[in-house]
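One-letter residues, chain by chain:
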Amino acid sequence: MGAEREPDSWIEDFSIVLRRDAIRTLRGNPGYEVFIGSKVAVSLWLAIVALAAGALGGVLVSGALWASFYYVLAWIAGLIAISIAAWRLTVAWMGAPVGFLAGWCIFWGILTGVVAMWGAQLESTGWAYGITAGIGFLVGITHGNLDHTDIEGHEGWCMVGAVLAPVSASLAAWLRRHVFAEQEALAAAALTGAVAGALFLGTVMALYMAAWKNKDRLARLASLYMHHDDFCAEAIRVLDTAIRLAPNDASLHDRRALAHAFKGDMAAAEADWTAHNAIEKESPAPHLSQGWLQLRRGSIEMAAAAFDRALAARKGYPLALVGRALANLRLNHPQEAVDLLTKLPAAQRDARTVTYLAEAHLMLGEWRKARQVATVAIEEYDSVHGLSWLVRAEAQVKLGNNDEAILDFNKALAADYELGIEERTLQAMERIDAPVLEEHELEDLEKTVRGKE
């Protein structure tokens, strides 16, 4: 077994209720950053940033800059000022995701300006354009490593950059040799770099913004908020934006329906489920959502029936298998949960689903199997869930491995981010009189446990 799914694949499991502070912390992760402003305005702004950075790059390799120590100091001051201003203005106006792009344009803009001016200063025409075309191509292809899960057509965008970087640098070099030659040296160098940086990065950033599709990122952010009822209003706001971008995406209407239901507005939920079914007839998604809703409400038998309907509509539906297995666990039917979870395809298994399987084995009294499966969740799937350590700790207690259990109980507390885990862990620790350890004590115990292995 091995990790196949994304680290946050658990986000589709709406049985998980996060603590309020955990949602705020996770919200700051790059995976939940969203840009929904004007792409035209961003493209123009990034072109201006790239132009300024290109000018700095052109000046950097100009002999005139190094003629005076004060010019060098002025260049350094200009770099610092432009970098700070570009970052702060961009983040304040357009947010952190675009702030990163501004920094990207500064770095690659300077490099493009350097290449263009380096070639332009060479006496040999062959060497001049050999440098701008050859090194420019390397700049373009390396720049193309900028990838993003929400960018469509990345390979095409990358190839445009690989062609445009050498063309921009070569054109700028030609202008320096034939048009800017009469300009004062520093001005000519700045113009050369500015043309190269703005033409290359201004164009590729405009294409990047055009290919940046926010719908999936908005859906992910809304899903995060839906892991606590108090944040469902924010989830609905995010989903409203996503639906404006993609009104015919049935999955967004289903997701908003569930957010309304968690919030307690069943009329709005039913309206969204109706809209979903009008777009995608006979979809199992509303049955799945109703299963999550009933699980959160504690109506386990109703949840089981909803998951069954989802499985009837789509045989082997992975999320419905997980939901039905969870319902079986809560109905004290662990063998049925094992049967369902072992049907999951390898690509649909993650740390959370493997932990549920370990929990089912624990309920069956299969202590060694529970420990083994929980270890797979922790070590092979890089579990971030306190539940994984808690299940393994409870198995260790049954096997008489108290040191190992104390270690895992404390790790469960350290990884705690969902409601109920801390309470359940402390109750289990109390039964064996296990201490809550300080960080250094935890490290010492871990060394002791490893020494036993």
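Computed from a predicted structure; not experimentally measured.

About the criteria used
Each chain has its residues counted from 1, following the order in which its sequence is written. The model is predicted, so local features are restricted to residues of pLDDT at least 70 and side-chain atom pairs to those at 80 or more, both for listing and for counting; the totals for chains, interfaces and linings are taken over all residues. Only heavy atoms go into the side-chain values, all of them from the structure, while hydrogens and water stay out. Each helix is a run of H or I in the DSSP string that is no shorter than four residues. Each strand is a run of E no shorter than two, and both are numbered from the N terminus. Only C-alpha atoms enter the radius of gyration, while the globule expectation follows 2.2 Å times N to the 0.38, with N the number of residues. Accessible area is worked out with a 1.4 Å probe on protein chains only. A residue is then buried under 20% of its type maximum, exposed over 50%, and partly exposed in between. Contacts: residue pairs with any heavy atoms within 4.5 Å of one another. The accessible surface values rely on the Shrake-Rupley method and a 1.4 Å probe; as for residues, cover is taken only from the protein chains in view. Note on patches: the residues involved have over 30% relative accessible area and no salt bridge, like charges join within 9 Å, and the nonpolar side chains Val, Leu, Ile, Met, Phe, Trp and Tyr join within 5 Å. The term salt bridge refers to a side-chain nitrogen of Lys or Arg lying within 4 Å of a carboxyl oxygen of Asp or Glu. The nonpolar core is taken to be a set of buried Ala, Val, Leu, Ile, Met, Phe, Trp, Tyr and Cys residues, with the residues joined through side-chain atoms within 4.5 Å. Within 6.5 Å between ring centres, the rings of Phe, Tyr and Trp (the latter by its six-membered ring) count as paired, and their orientation is classed by plane angle as stacked under 30 degrees, edge-to-face over 60, tilted in between. In our convention, an over-ring charge means Lys NZ or Arg CZ found within 6 Å of a ring centre and within 35 degrees of that ring's normal. To estimate how far a helix should reach, multiply one less than its number of residues by 1.5 Å. Starting at the helix axis, one direction is taken to each C-beta atom, and the arc is that of these directions. Here an axis means a line fitted to C-alpha atoms, over the contact stretch when the element is a helix, while the angle between two N-to-C directions is reported on a 0 to 180 degree scale. Comment on the angle field: the value is read as roughly parallel under 35 degrees, roughly antiparallel over 145, roughly perpendicular from 65 to 115, and oblique elsewhere. What makes a crossing left-handed is the near helix being turned counterclockwise from the far one by less than a right angle; a clockwise turn instead makes it right-handed. Amino acid classes used here: Ala, Val, Leu, Ile, Met, Phe, Trp, Tyr, Cys and Pro are nonpolar; Asp, Glu, Lys and Arg are charged; the rest, including Gly, are polar. The charge count treats Lys and Arg as positive and Asp and Glu as negative. His and the chain ends do not count. Here the site of a charge means NZ on Lys, CZ on Arg, CG on Asp, or CD on Glu.

Undergrad: Let's hear about the overall build of the protein: which residues, and what values?
TA: Scanning the protein from N- to C-terminus turns up 21 helices and zero strands. Over its C-alpha atoms the protein spans a radius of gyration of 29 Å, topping by over 25% the 22 Å that the globule rule assigns to 453 residues. Taking the principal axes of the C-alpha coordinates as reference, the protein spans close to 85 × 60 × 35 Å. Residues classed as buried in the protein amount to 50% of the 453 residues present. Considering only intrachain contacts with a sequence separation of at least 6, the fraction spanning at least 24 residues in the protein is 67%. Counting only carbon and sulfur atoms, one obtains 58% of the accessible surface of the protein, whose full area is about 20800 Å².

Undergrad: Any details on the environment of Ala412? Residues and values, ideally.
TA: Summarising the element assignment, Ala412 is placed in helix H19 (residues 402-414). The class of Ala412 is buried, set by a relative accessible area of 0%. Ala412 sits 387 residues away from Thr25 along the chain, and the two C-alpha atoms are 18 Å apart.

Undergrad: Lay out a nonpolar patch on the surface in plain terms, naming residues and giving numbers.
TA: Taken together, the side chains of Phe69, Tyr70, Leu73, Ile76, Ile80 and Ile84 make up a nonpolar region of the molecular surface, amounting to roughly 630 Å² of accessible area. Residue position: Ile80 is located in helix H3 (residues 69-94).

Undergrad: Describe the nonpolar core, listing the residues and the values that go with them.
TA: The nonpolar side chains of soluble globular proteins are, as a tendency, buried together. Leu18, Trp292 and Tyr356 are the most contacted members of the largest nonpolar core, which has 90 residues in total. Those residues in contact with Leu18, other than ones at most four positions away along the chain, are Trp10, Ile23, Leu26, Leu224, His227, His228, Tyr417, Glu418 and Leu419. Residues Val98, Cys158, Ala172 and Ala189 belong to the second largest nonpolar core, which totals 46 residues.

Undergrad: Can you tell me about the packing of aromatic side chains, naming the residues and giving the values?
TA: Geometrically, a pair of aromatic rings is defined through the distance of the ring centres and the angle of the planes. Under the definition given, this model contains nine aromatic pairs. With 6.0 Å between their ring centres and 5° between their planes, Tyr225 and Phe231 make a pair best called stacked. For Tyr225, a relative accessible area of 8% corresponds to the buried category. The class for Phe231 is buried, based on a relative accessible area of 12%. Geometry around Phe262 places Arg296 over its ring, the cationic atom sitting 3.8 Å from the centre. It is Arg314 that lies over the ring of Tyr317; its NZ or CZ is 4.7 Å from the centre.

Undergrad: Go over the pattern of salt bridges, please, and point to the residues and values.
TA: Using the criterion set out here, one finds 15 salt bridges in the structure. Across the pair Asp416 and Arg19 runs a salt bridge whose closest N-O atoms are separated by 3.0 Å. Placement of the pair is Asp416 in the loop between H19 and helix H20 (421-431) and Arg19 in the segment before helix H1 (20-27), with a sequence separation of 397 residues. Classification of Asp416 by relative accessible area gives buried; the value is 12%.

Undergrad: Describe helix H13 (residues 300-313), listing the residues and the values that go with them.
TA: With 14 residues, H13 should cover 20 Å at 1.5 Å per step; its first-to-last C-alpha distance of 20 Å lies within 8% of that length. Listing the buried residues of H13 in full gives Ile300, Ala303, Ala304, Ala306, Phe307, Ala310 and Leu311. Burial along H13 is one-sided: seen end-on, the buried residues are contained in an arc of 165°. In H13, the exposed positions angled more than 90 degrees off the buried face are occupied by Glu301, Met302 and Ala312. Where H13 is buried, its residues touch helix H12 (285-297) and helix H14 (318-330).

Undergrad: Kindly report on the packing of H19 against H20, identifying the contributing residues and their values.
TA: Two numbers describe how H19 lies on H20: the axes approach to 9 Å, and their chain directions differ by 160°. On the basis of the axis angle, H19 is roughly antiparallel to H20. By crossing handedness, the relation of H19 to H20 is classed as left-handed. Seen from H19, the contacting residues are Phe409, Asn410, Ala412 and Leu413; seen from H20, they are Ile421, Glu422, Thr425, Leu426, Ala428 and Met429. By residue class, the composition of the contact of H19 with H20 is seven nonpolar, two polar and one charged.

Undergrad: Break down a negative patch on the surface for me, citing the residues and quoting the values.
TA: Together, Glu438, Glu439, Glu441, Glu443 and Asp444 make up a negatively charged patch on the protein surface. Along the chain, Glu439 falls in helix H21 (residues 439-452).

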